[in-house]
2 protein chains.
Amino acid sequence: MKIKIFFFGKTSEITEREQELLKRIGFRSEVELVCLPQAGLQNRIKNQQKEMELLNKKCVQKEFLVVLDEGGREMDSIEFSKNLKNWLVEQGTVCFVVGGAYGLADEILQKANIRLSFGSMTWTRELARLMTLEQIYRALEIDGGGRFHK
Amino acid sequence: MKIKIFFFGKTSEITEREQELLKRIGFRSEVELVCLPQAGLQNRIKNQQKEMELLNKKCVQKEFLVVLDEGGREMDSIEFSKNLKNWLVEQGTVCFVVGGAYGLADEILQKANIRLSFGSMTWTRELARLMTLEQIYRALEIDGGGRFHK
């Protein structure tokens, strides 16, 4: 069982809280936070294309892909926990992708196995990354019978 | 126009990012983050009752009340921005309430003018507070024509 979280930015952005969550997640599953550089192009489409190329180099075709997308599917934390466990057991590795400042290319959204939504609101990429880590931690705690989820 | 955000916890929990957001929000509206102590009771209902009493002492009856509730109404950031502006103009002061570890008493949920949802998932009270500040900042930037919301 392995969880990879891809994001666009710099490793220096990773906060103490995120480091702590990675450590806690690590007690339940192998986990890796993978930093990809932001394309930094002004044009939204070109930026998305460039970031897609970077992602495709790092993310193997056969891996199970979960992309964060505000237009995607919402699930509550219990349902997400059950799903995450199933994906890990069935697929071995689950890759989460948090888009950059200009969002993800349509091809990535279409290629994804799951488009996961954290509600209708728009979140910064930094906060979306933290939210992803918090939910993965919560999901594994729920599955492991921890007392974190009340 | 004044925004108050009530939360249960300690002022020492307020992160640098939250301080930064408060400062930025402050350029567009008067803003206050009000810390109430957590009741710290084991029993969920008693805990909620105690925290409700604390809140009622601080939150004036006539103020417009927005409570964070995962079962509440979802809106996207543009819609939230329009609503927040209307509430501020019409009501003068808008109070947000982020529940404690055991959530908010039913009476508060029922008394609220708006129950606002950040999606179906459960968030920690610390993260919910940060998410609230980020959305308020984003909402005021959208309304003010800032370049933050892409």
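Scroll up a little and you will see the structure.
Computed from a predicted structure; not experimentally measured.

### Overview of the pairing of strand β2 (residues 30-36) of chain A
All names here are of chain A.
- Bridging between strand β1 (residues 2-8) and β2 involves 7 bridges; their strand directions are parallel. What sits directly across from Ile5, in β2, is Leu33.
- Handedness of the crossover is the feature at issue here: the chain leaves β1, passes through helix α1 (residues 16-26), returns alongside β2, and the resulting connection is right-handed.

### Some thoughts on the side chain of Thr124 of chain B
- Here Thr124 of chain B is to be found in the loop between β5 (114-116) and α5 (125-144).
- What makes Thr124 of chain B buried here is its relative accessible area of 11%.
- At a separation of 3.1 Å, a polar atom in the side chain of Thr124 of chain B contacts the main-chain amide nitrogen of Leu127 of chain B.
- Ignoring any residue separated from it by four or fewer positions in sequence, one finds Thr124 of chain B in contact with Glu134, Arg138 and Phe148 of chain A.

### Thoughts on the pattern of salt bridges
Residues and elements named next belong to chain A.
- Overall, the coordinates contain 28 salt bridges over all chains when judged by the stated rule.
- In this structure, the salt-bridge partner of Lys4 is Glu63, at a minimum N-O distance of 3.2 Å. Highlighted residues: Lys4 in strand β1 and Glu63 in the loop between α2 (44-58) and β3 (64-73), separated in sequence by 59 residues.
- Its relative accessible area of 13% is what places Lys4 among the buried residues.

### A short note on the packing of helix α5 (residues 125-144) of chain A against α5 of chain B
- Put simply, α5 of chain A and α5 of chain B touch, their axes get as near as 12 Å, and they point 155° apart. Here α5 of chain B runs roughly antiparallel to α5 of chain A, going by the angle between their axes. The chirality of how α5 of chain A crosses α5 of chain B is left-handed. Contact residues: Leu127, Leu130, Met131 and Glu134 of chain A in α5 of chain A; Leu127, Leu130, Met131 and Glu134 of chain B in α5 of chain B.
- Taken together, the residues of the contact of α5 of chain A with α5 of chain B break down into 6 nonpolar, no polar and 2 charged.

### A look at the nonpolar core
- Ranked by internal contacts, the top residues of the largest apolar core, which has 66 residues, are Phe80, Leu84 and Phe96 of chain A together with Phe80, Leu84 and Phe96 of chain B.
- In this view, Phe80 of chain B contacts Met121 of chain A together with Met75, Trp87, Phe96, Leu116, Gln135, Ile136 and Ala139 of chain B; residues no more than four positions away in its chain are not counted.

Reading the values: rules and limits
Residues numbered from 1 in each chain as written. Chains lettered and ligands numbered in written order. Predicted model: local features only at pLDDT ≥ 70, side-chain atom pairs only at ≥ 80, totals over all residues. Heavy atoms only, no water. Pairing = 2+ DSSP bridges. Helix = DSSP H or I, 4+ residues; strand = E, 2+ residues; numbered from the N terminus. Right-handed = clockwise from strand over helix to strand, strands pointing away. Buried < 20%, exposed > 50% of the residue type's maximum accessible area, 1.4 Å probe, protein only. Polar contact = N/O pair within 3.5 Å; in protein donor to acceptor, adjacent residues only side chain to side chain. Contact = heavy atoms within 4.5 Å. Salt bridge = Lys/Arg side-chain N within 4 Å of Asp/Glu carboxyl O. Axes fitted to C-alpha atoms, helices over the stretch in contact; angles between N-to-C directions. Parallel < 35°, antiparallel > 145°, perpendicular 65-115°, else oblique. Left-handed = near helix turned anticlockwise from the far one by under 90°. Nonpolar A, V, L, I, M, F, W, Y, C, P; charged D, E, K, R; others polar. Core = buried A, V, L, I, M, F, W, Y, C linked by side-chain atoms within 4.5 Å.

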